[in-house]
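Structural description and commentary
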Amino acid sequence: MVKKIEIAVKASQECSDGEFIICARTDARGVLGLDETIRRSKMYIDAGADMIFPEGLATKEEFEIVAKELKGYGKKGGPFLLANMTEFGKTPIINLSEFEKMGYNCVIFPVSTLRIAMKATDDFLKDLKKTGDVSNTISK
């Protein structure tokens, strides 16, 4: 992974004068634990990653620990931090303002809009089955 990051950093320099942000994801938490997540994150920062995506953190406290351990680390004064806020995953639902207070710069909601759309689709199909037409659900 370190080699991949080094190659990406080189490409970023050559193609965008370093404007392209290199985000490195580590899934170590689920298999090897939080300490390994932090160790790998630091290796990725040393290799030039601008942003760290620590996947699979299970508690708000784990997010806080990672942010604290990585704050200010590296030549650039610390990486950007990305959090994954997917419903029904390992991470409890955490408010955006809480992530910001912890030091996270970016929070993704990778499935939320799909879940909302599927709920609307489910409601529509139930009504269609019940009424036999789309009059209740289709707007003009």
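Note: the structure precedes this text.
Residues numbered from 1 in each chain as written. Predicted model: local features only at pLDDT ≥ 70, side-chain atom pairs only at ≥ 80, totals over all residues. Heavy atoms only, no water.

Here we take up the sheet that holds strand β3 (residues 80-84). Here four strands make up an open sheet; going across it, the order is β1-β2-β3-β4 and the pairing parallel. Strand pairing shows two members of the sheet lacking a second neighbour, β1 (23-26) and β4 (106-108), which therefore form its edges. Ignoring which end each strand starts from, the neighbouring axes of this sheet average 25° apart. Relative to strand β2 (residues 51-54), β1 is paired through four bridges, and the arrangement is parallel. Bridged to Thr-26 within β2 is Pro-54. (Pairing = 2+ DSSP bridges. Helix = DSSP H or I, 4+ residues; strand = E, 2+ residues; numbered from the N terminus. Axes fitted to C-alpha atoms, helices over the stretch in contact; angles between N-to-C directions.)

If you check the backbone angles, Asp-17 has positive phi at about 50° while not being a glycine. Within the secondary structure layout, Asp-17 lies in the loop between α1 (2-16) and β1.

What follows is about the packing of aromatic side chains. According to the stated counting rule, one finds three aromatic pairs in the structure shown. Summarising the aromatic geometry, the rings of Phe-63 and Tyr-104 are spaced 5.4 Å apart at their centres and angled 75° between planes, so their arrangement reads as edge-to-face. Residue Phe-63 is found in helix α4 (residues 60-70), and its partner Tyr-104 is found in the loop between α5 (96-102) and β4; the two are separated by 41 residues along the sequence. Residues Phe-63 and Tyr-104 agree in their burial class; the two are buried. Ring geometry for Phe-99 versus Tyr-104: centroids 5.8 Å apart, planes at 75°, classification edge-to-face. For Phe-99, a relative accessible area of 0% puts it in the buried group. Ring pairing ties together the aromatic residues Phe-63, Phe-99 and Tyr-104, which thus form one cluster. (Phe/Tyr/Trp six-rings, centres within 6.5 Å; stacked < 30°, edge-to-face > 60°. Buried < 20%, exposed > 50% of the residue type's maximum accessible area, 1.4 Å probe, protein only.)

Moving on to helix α3 (residues 34-46). In this model α3 runs 18 Å from its N-terminal to its C-terminal C-alpha over 13 residues, within 8% of the 18 Å that 1.5 Å per residue would give. Within α3, the full set of buried residues consists of Leu-34, Glu-36, Thr-37, Ile-38, Ser-41, Tyr-44 and Ile-45. In this fold, the buried residues of α3 make contact with α1, β1, α2 (28-32), β2 and α4. Taken from the residues just after α3, Gly-48 is the one with a positive phi, measuring 115°. (Expected span 1.5 Å × (residues − 1). Contact = heavy atoms within 4.5 Å.)

Next up on the list: the nonpolar core. Ile-5, Ile-52, Phe-63, Val-66, Leu-70, Phe-99 and Tyr-104 are the most contacted members of the largest nonpolar core, which totals 24 residues. Counting residues per element, the ones that place at least two in this core are α1, α3, α4, β3 and α5. Beyond its immediate stretch of four places on either side in the chain, Tyr-104 contacts Pro-54, Leu-57, Phe-63, Val-66, Ala-67, Leu-81, Leu-82, Ala-83 and Phe-99. (Core = buried A, V, L, I, M, F, W, Y, C linked by side-chain atoms within 4.5 Å.)

Before going further, it helps to spend a moment on helix α6 (residues 112-131). With 20 residues, α6 extends 29 Å from end C-alpha to end C-alpha; this agrees with the ideal 28 Å at 1.5 Å per step. Looking at the residues trailing α6, positive phi occurs at Gly-132, about 85°.

Moving on, we come to the pattern of salt bridges. One pass over the full model with this rule turns up eleven salt bridges. Residue Lys-76 pairs with Asp-50 through a salt bridge whose shortest N-O separation is 2.5 Å. Separated by 26 residues along the polypeptide, Lys-76 in the loop between α4 and β3 and Asp-50 in the loop between α3 and β2 bring together distant segments of the chain. Looking at Lys-76, the relative accessible area reads 61%, which means it is exposed. Overall, the relative accessible area of 15% leaves Asp-50 in the buried class. One salt bridge connects Glu-87 with Arg-115, and the closest N-O pair in it is separated by 2.8 Å. Pair noted here: Glu-87 is in the loop between β3 and α5 and Arg-115 is in helix α6, with a separation of 28 residues, a long-range link. On the accessibility criterion, Glu-87 (18% relative accessible area) is buried. Note on Arg-115: relative accessible area 32%, which makes it partly exposed. (Salt bridge = Lys/Arg side-chain N within 4 Å of Asp/Glu carboxyl O.)

The quantities given are spatial measurements derived from coordinates; they are silent on function.
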